[in-house]
Amino acid sequence: MTLEPSWDFYRSFLTVLQRGSLSAAARELGLTQPTIGRHVDALEQAIGVELFIRSPNGLVPTDAAQALKPYAETLAATTAALLRTASGERERVAGTVRLSASEVVAVEVLPRILGPLQEAYPELHIELSASDAIEDLLNREADIAVRMAEPQQDALIVRCIGDIPIAFHAHRRYLERHGIPQTMADLANHRLIGFDRQTAYVRMVMKRYPAPEGIKFSYRTDSNLAQLSAIRAGVGIGLCQIGLARENPDLVHVLPDAFEIPLGTWVVMHESLRTSPRCRVTFDALVKGLRDYVIPPARKRKSRSIFDENHG
């Protein structure tokens, strides 16, 4: 069975036609003259016709060579277009990126980051999982995650965003009716918004930041979004990210000098996705956008690409 000639043979043949000699073709393609000669000989054997007549004046193309020339030129143009397209695809930001983030961050913070990102890259699609559960990046449950617990797994690209401060807040309407607590002990006389169940995270927080005895939650829900909504509605005093409360002039920071929880935040991606254009630009946008959210302008440091930093 006759094997189909390699494109390398056609390329060498066409370059000899265009340059007029084996040596000129070799210089053009960065190959040796014997290699070009072997390519031409192999093509002649594969198609069963002579392509060049060797003469004292060099190589003279045969009629068969002239007949093949336009087809070889078409192959060359198609190959060049294929390489351009492949190169463009490597850098093209398109396709779907699946993100995982806590409910509050997903609903309240990420849209202001992801909206401009999709304006810049219209072919980028976002799948956002808003859950306080930690999704497994190693098993590709998500491509990129915003986490409030420091990742311990290997094979991850990790960027520390810093601490998102959380503190007591209440709506002005509630404080006008019930007064502003002046000490932590005063909270016992207020309607507090908190968790329904003591999860492992809640127990850890309460152990690290113990509240005075006698304080009970009169409005309980395990949803952070529901707690935030209750604070905004004037139900009582609850914990809210300072950055979110700052955007609402009706929310008042209660006991600012007495209580604050720093919520460590990280952006995480599996290292195998570092060459994916869509994951790369999304990761960079999340790092920059969340740092802008966390760090006040006066303390903001110059943002760098994830690929200017060591991963780990």
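Structure: above.
Right, let's walk through the structure included here. (Residues numbered from 1 in each chain as written. Predicted model: local features only at pLDDT ≥ 70, side-chain atom pairs only at ≥ 80, totals over all residues. Heavy atoms only, no water.)

**Side note on the overall build of the protein chain**
Across its full length, the protein chain holds 10 helices and 11 strands. Partitioning the contacts of the protein chain with sequence separation of at least 6, the portion at a separation of at least 24 is 74%. Accessible surface for the protein chain amounts to roughly 17500 Å². Of this, 51% is attributable to carbon and sulfur atoms. (Helix = DSSP H or I, 4+ residues; strand = E, 2+ residues; numbered from the N terminus. Contact = heavy atoms within 4.5 Å. Areas by Shrake-Rupley, 256 points an atom, 1.4 Å probe, with all protein chains shown as cover.)

**Topic: the side chain of Glu 44**
Along the chain, the position of Glu 44 falls in helix H3 (residues 33-47). Using a relative accessible area of 14% as the deciding quantity, one classes Glu 44 as buried. Polar contacts involving the side chain of Glu 44 include one to the main-chain amide nitrogen of Phe 52, which spans 3.3 Å. Not counting chain neighbours up to four residues away, the residues in contact with Glu 44 comprise Val 49, Glu 50, Leu 51, Phe 52 and Arg 54. (Buried < 20%, exposed > 50% of the residue type's maximum accessible area, 1.4 Å probe, protein only. Polar contact = N/O pair within 3.5 Å; in protein donor to acceptor, adjacent residues only side chain to side chain.)

**Let's talk about unusual backbone geometry**
Even without glycine at this site, Leu 255 takes up a positive phi of about 50°. Relative to the helices and strands, Leu 255 is located in the loop between strand S10 (251-253) and strand S11 (261-270).

**Some remarks on helix H1 (residues 7-19)**
In this model H1 runs 18 Å from its N-terminal to its C-terminal C-alpha over 13 residues, within 8% of the 18 Å that 1.5 Å per residue would give. Looking at H1, one finds that the buried residues are Ser 12, Phe 13, Leu 14, Thr 15, Val 16 and Leu 17. If you check the start of H1, you find a side-chain oxygen 3.1 Å away from the backbone N of Asp 8, and it comes from Ser 6. Gly 20 sits one or two residues past H1 and shows a positive phi near 90°. (Expected span 1.5 Å × (residues − 1).)

**Quick look at the packing of helix H2 (residues 22-29) against H3**
One way to put it is that H2 packs onto H3 with a least axis distance of 8 Å and a crossing angle of 105°. In terms of axis orientation, H2 runs roughly perpendicular to H3. Residues Leu 22, Ser 23, Ala 25, Ala 26 and Leu 29 of H2 form the contact with H3, whose participating residues are Gln 33, Ile 36 and Gly 37. Tallied by class, the residues present in the contact of H2 with H3 amount to five nonpolar, three polar and no charged. (Axes fitted to C-alpha atoms, helices over the stretch in contact; angles between N-to-C directions. Parallel < 35°, antiparallel > 145°, perpendicular 65-115°, else oblique. Nonpolar A, V, L, I, M, F, W, Y, C, P; charged D, E, K, R; others polar.)

**A short note on the nonpolar core**
Counting 53 residues, the largest nonpolar core has Leu 110, Ile 144, Val 267, Leu 286 and Leu 290 as its most contacted members. When residues of this core are assigned to their parent elements, the largest contribution, nine residues, is made by helix H10 (residues 277-294). Those residues in contact with Leu 110, other than ones at most four positions away along the chain, are Ala 101, Val 105, Leu 128, Leu 286 and Leu 290. Core analysis: the next-biggest nonpolar cluster, separate from the first, contains 14 residues, Val 16, Ala 25, Ala 26 and Ala 72 among them. (Core = buried A, V, L, I, M, F, W, Y, C linked by side-chain atoms within 4.5 Å.)

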